[in-house]
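# Per-entry structural report
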Amino acid sequence: MALQFAVIWYGGRWTLIAPGVRYDRYASRESALAAAQRLAAQARRQGYEAEVLVQGVGGELTQLAAPAERDPRGGDEPPHEPLNSPA
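To start, this report covers the structure provided alongside it. A quick note: this is a predicted structure, and the numbers were derived from the prediction, not measured.

Analysis parameters
- Sequence order as written defines the numbering, with residues in each chain counted from 1.
- Whole-chain, interface and lining totals are the exception, using all residues; otherwise, since this is a predicted model, local features are given only for residues with pLDDT of at least 70 and side-chain atom pairs are given and counted only at 80 or more.
- Hydrogens and waters are ignored; side-chain quantities use all the structure's heavy atoms.
- Here, any two strands with at least 2 DSSP bridges between them count as paired.
- The helix count covers DSSP runs of H or I at least four residues long, the strand count covers runs of E at least two residues long, and both are numbered beginning at the N terminus.
- Every axis corresponds to a line fitted to the C-alpha atoms, with the helix fit spanning only the stretch in contact, and the corresponding angles, defined between N-to-C directions, vary from 0 to 180 degrees.
- Any two residues having at least one pair of non-hydrogen atoms within 4.5 Å are treated as being in contact.
- Here a helix's expected span is defined as the number of its residues, less one, multiplied by 1.5 Å.
- We call a residue buried when its accessible area falls under 20% of the maximum for its residue type, exposed when it is over 50%, and partly exposed in between, using a 1.4 Å probe and counting protein chains only.

### Quick notes on the sheet that holds strand β5 (residues 61–64)
Reading across the sheet, the five strands line up as β3-β2-β1-β4-β5 and stay open at both edges, with mixed pairing between neighbours. In the strand order of this sheet, the two ends are held by β3 (21–26) and β5, each with one partner. With strand direction ignored, the average angle separating the axes of adjacent strands in the sheet is 25°. Taken together, the five bridges between strand β1 (residues 3–10) and strand β2 (residues 13–18) define a ladder with antiparallel strand orientation. Note on β2: the bridge partner recorded for Ile8 is Thr15. Across the sheet, helix α1 (residues 29–45) touches β1, β2, β3, β4 (50–55) and β5, and the angle it forms with β4 is around 165°.

What follows is the structure, encoded as structure tokens:
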């Protein structure tokens, strides 16, 4: 089972939910995703499987590809922000 790092829209802020972290709140989606990617990369360096999930407009969680796994042609961008997002 992979460690999961989830970025969700909660209480008017982007929130990172991660193993060992109660929650961290961010003003922008980009900063929350960057923090989640850093934690996932750190976990991978320590030998764990790790995945980053992000909440989409409809509330569903979508897994993001690890930075090294992204398609160099693009096309696998994360979902757009919810309409009520401050970003």
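### Considerations on α1
In a regular helix each residue adds 1.5 Å, so 17 residues correspond to 24 Å; α1 covers 24 Å between its end C-alpha atoms and thus fits that length. Looking only at α1, the buried set comprises Arg29, Ala32, Leu33, Ala35, Ala36, Gln37, Ala40 and Ala43. Summarising the contacts, the buried residues of α1 are in contact with β1, β2, β3, β4 and β5. Looking one or two places after α1, you find Gly47, whose phi comes out positive at around 95°.

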